[in-house]
Every structure is written in C-alpha cells, then in structure tokens.
Amino acid sequence: MIKLATLLFIGGTEIVFILFIVVLVFGADKLPEIARGMGKGMRTLRDATNDIKHEVTKSAKDSNIMDTDTTKEIQQEINKIKDEVEDFSGSIKRNM
C-alpha cells in the first residue's frame, strides 16, 4: 500500500494542477516575486506571533499569574498520556 503525501487534504495531482494554473495566470517571471512576498509575509506573521507570546508570558510571570513549576508538571503529564496513547494506537495499527 503506497501512501501519497497530502497537503491540506490536497493530493499531488491537484497541487500540480494548481501550480499550472498559477503559472498561466501570473507567468513564470512573476513567480519568484510572489514567492518572495509570501515568504516575507509569513516571516512577519511568525515574528508578530512570537512577540505576542513573549509579551504575554513576560507579563504573566511579572504578575505571578503563571507558575512555571505547575506548567512544567502539567506538560510532563500531557507528554506521558500522549506517549501512552501513541503506544496503544501503534499496537492497534500493527494488528490491522
């Protein structure tokens, strides 16, 4: 059984078709500019998201709202449960 890579529930042939339409609409000479602009936009969005996370975390620590020890313990418990579920689901997948 061969599994094809999917991106956002879109198969390989659909991606090729979409790229073909994009080349027809924008032209091959404009694609690098479009990709560069999209990359810069994604970078700006990621930087803004990281800044917001940093500010929220910093203000929570300054206000003693967030207890880092409790957060670490909760994260450890979540990771334990996640590992147990993965072990369990792995045995089910092997049986199928």
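This text gives an overview of the structure that appears in the document. Remember, it's a predicted structure, so these values are computed and weren't measured experimentally.

Below, the discussion takes up the overall build of the protein. Per the secondary structure count, the protein includes three helices and zero strands. Along the protein, from the amino end to the carboxyl end, the secondary structure elements read α-α-α. Relative to its full complement of 96 residues, the protein shows a buried share of 4%. Working note: accessible area of the protein is about 9,100 Å², and carbon and sulfur atoms make up 64% of it.

For helix α2 (residues 31-62), spanning 32 residues, the distance from its first C-alpha to its last is 46 Å, which sits close to the expected 46 Å at 1.5 Å a residue. Looking one or two residues beyond α2, the residue adopting positive phi is asparagine 64, at roughly 60°.

About the thresholds
- Residues numbered from 1 in each chain as written.
- Predicted model: local features only at pLDDT ≥ 70, side-chain atom pairs only at ≥ 80, totals over all residues.
- Heavy atoms only, no water.
- Helix = DSSP H or I, 4+ residues; strand = E, 2+ residues; numbered from the N terminus.
- Buried < 20%, exposed > 50% of the residue type's maximum accessible area, 1.4 Å probe, protein only.
- Areas by Shrake-Rupley, 256 points an atom, 1.4 Å probe, with all protein chains shown as cover.
- Expected span 1.5 Å × (residues − 1).

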